[in-house]
Amino acid sequence: FFCIFLDLQTLRSLDKEHNITASNIMRVSALLLLLAAPAATSAFTFTPSPSFARARSSASTLRMNAESADIKEVKVGVIGCGRIGLVHLGAITKAPNVKPVIVSNPTVSKAEAAAKQYGVDRFSSDAMDVITDPEVDAVWICSPSQFHADQIKACAANGKHVFCEKPIATDLAETVEAINEMNEAGLKLM
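Every chain is numbered on its own, with residues counted from 1 as its sequence reads. For this predicted model, a pLDDT threshold of at least 70 governs which residues receive local features, and a threshold of 80 or more governs which side-chain atom pairs are given and counted, while totals over whole chains, interfaces and linings are taken from all residues. Side-chain numbers come from the whole structure's heavy atoms, not from hydrogens or water.

Caption draft 1: Structural detail: the overall build of the chain. Each helix and strand in the chain was counted, giving eight helices and eight strands. Relative to all contacts within the chain whose residues are 6 or more apart in sequence, the contacts with residues 24 or more apart total 62%. Starting at the N terminus, helices and strands are each numbered in turn, a helix being any DSSP run of H or I of at least four residues and a strand any DSSP run of E of at least two. Contact definition: two residues touch when any of their heavy atoms are within 4.5 Å.

Printed below as a string of structure tokens:
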């Protein structure tokens, strides 16, 4: 059983203190659910709490449920430790059954600081260290946009699922190529 309960006050606090929005938490949680329990996706539901239906109470709860005995820990790597990478790391570390195992950033001091802040054991200045890491199940691509397509294609070649911050690529041909390579590899791209 996989479940996330967040009341609006908690969501507002996360957004205010850490720039972690409900939207980011739901996107991360949905991808992790797909990776951890693909067979459970047909049982996936998103429903507002009963209090939301009644008078749109400010104490309403956002809830995500899926039933599965097959949920495993998903190990992720994050490429890019700038502002958006830190936002995603914050959401990832709060998600159940997920563990960030390596982060990378060309400025290695940023990778080291992010690893320390979020309790990640390893860091690197090279994105390929994340992509080729045998422990990593999925890669979060939070690097500058001009690197996205090549990193997605490298993930496809290395059997890694991908969550990519928008855009997938900087032109349509690269976008189509990256999507096709992930599809041909049978991997998820979100």
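Now that the structure has been shown, the text picks up again.
Caption draft 2: Inspection of the state of the cysteines at higher detail. Throughout, disulfides are identified as pairs of cysteine sulfur atoms within 2.5 Å of each other. For the structure shown, the criterion picks out zero disulfides. You can see C81 has no disulfide; the closest cysteine sulfur is in C142, sitting 8.4 Å from it. C81 sits in the buried class, given a relative accessible area of 4%. Its sulfur unpaired, C155 is 9.0 Å from the next cysteine sulfur, which belongs to C164. Burial classes follow relative accessibility: with a 1.4 Å probe on protein chains only, a residue under 20% of its type's maximum area counts as buried, one over 50% as exposed, and anything between as partly exposed.

Caption draft 3: Seen up close, the packing of aromatic side chains. Classification of ring pairs rests on two measures: the distance between centres of Phe, Tyr or Trp rings, Trp counted by its six-membered ring, which must be within 6.5 Å, and the angle between planes, read as stacked under 30 degrees, edge-to-face over 60 and tilted in between. With the rule as written, the count across this model stands at one aromatic pair. On the basis of an interplanar angle of 20° and a centroid distance of 5.3 Å, the ring pair of W140 and F163 is categorised as stacked. Of this pair, W140 sits in strand 7 (residues 138-141) while F163 sits in strand 8 (residues 161-164), placing them 23 residues apart in sequence. Neither W140 nor F163 differs from the other in exposure class; each is buried.

Caption draft 4: Representation of helix 5 (residues 108-118) within the structure. Of all the positions in helix 5, only A111, A114 and A115 are classed as buried. The arc enclosing the buried residues of helix 5, seen along the axis, measures out at 100°, which places them on a common side. Exposed positions of helix 5 whose direction lies more than 90 degrees from the buried face are K116 and Q117. Along its buried surface, helix 5 packs onto helix 4 (83-94), strand 5 (98-104) and strand 6 (122-124). In this description, one arc is meant: the one made by directions from the helix axis to the C-beta atoms.

Caption draft 5: Structural view of the confidence of the model for the chain. When pLDDT is averaged along the chain, the result is 79; 63% of the residues meet or exceed 70. Within a predicted model, pLDDT stands for the predictor's per-residue confidence, ranging from 0 to 100. pLDDT under 50 marks residues 1-7. Its contacts with residues more than four places away, or in other chains, come to 33 contacts. Counted against residues more than four places away or in other chains, residues 51-66, with its pLDDT under 50, gives 56 contacts.

Caption draft 6: Geometry of the nonpolar core. Counting residues in hydrophobic clusters, the biggest one holds 18 residues, and the most contacted among them are I79, V139, I141, I152, C155, V162 and M182. In terms of residue count, the dominant contributor to this core is helix 7 (residues 148-157) (four residues). When near neighbours in sequence (up to four residues on either side) are disregarded, M182 contacts I152, A156, K160, H161, V162, L187, K188 and L189. Nine residue types can take part in a nonpolar core, namely buried Ala, Val, Leu, Ile, Met, Phe, Trp, Tyr and Cys, and a core is a set of them joined through side-chain atoms within 4.5 Å.

Caption draft 7: Quick look at the environment of C155. Locating C155 in the fold gives a position in helix 7. By relative accessible area, which is 0% here, C155 ends up buried. On a C-alpha basis, the gap between C155 and A178 in space is 9.8 Å, while along the polypeptide they are 23 residues apart. Not counting the four nearest positions on each side in its chain, C155 is found in contact with I131, V139, I141, K160, V162 and L187.

Caption draft 8: Examining helix 7 more closely. Within helix 7, eight of the 10 residues are buried, which leaves the element mostly enclosed by the surrounding structure. Buried within helix 7 we find H148, A149, Q151, I152, K153, A154, C155 and A156. If you follow the buried residues of helix 7, they end up packed against strand 4 (74-79), helix 6 (127-131), strand 7, strand 8 and helix 8 (172-184). Following helix 7 by one or two positions, G159 has its phi on the positive side, about 70°.

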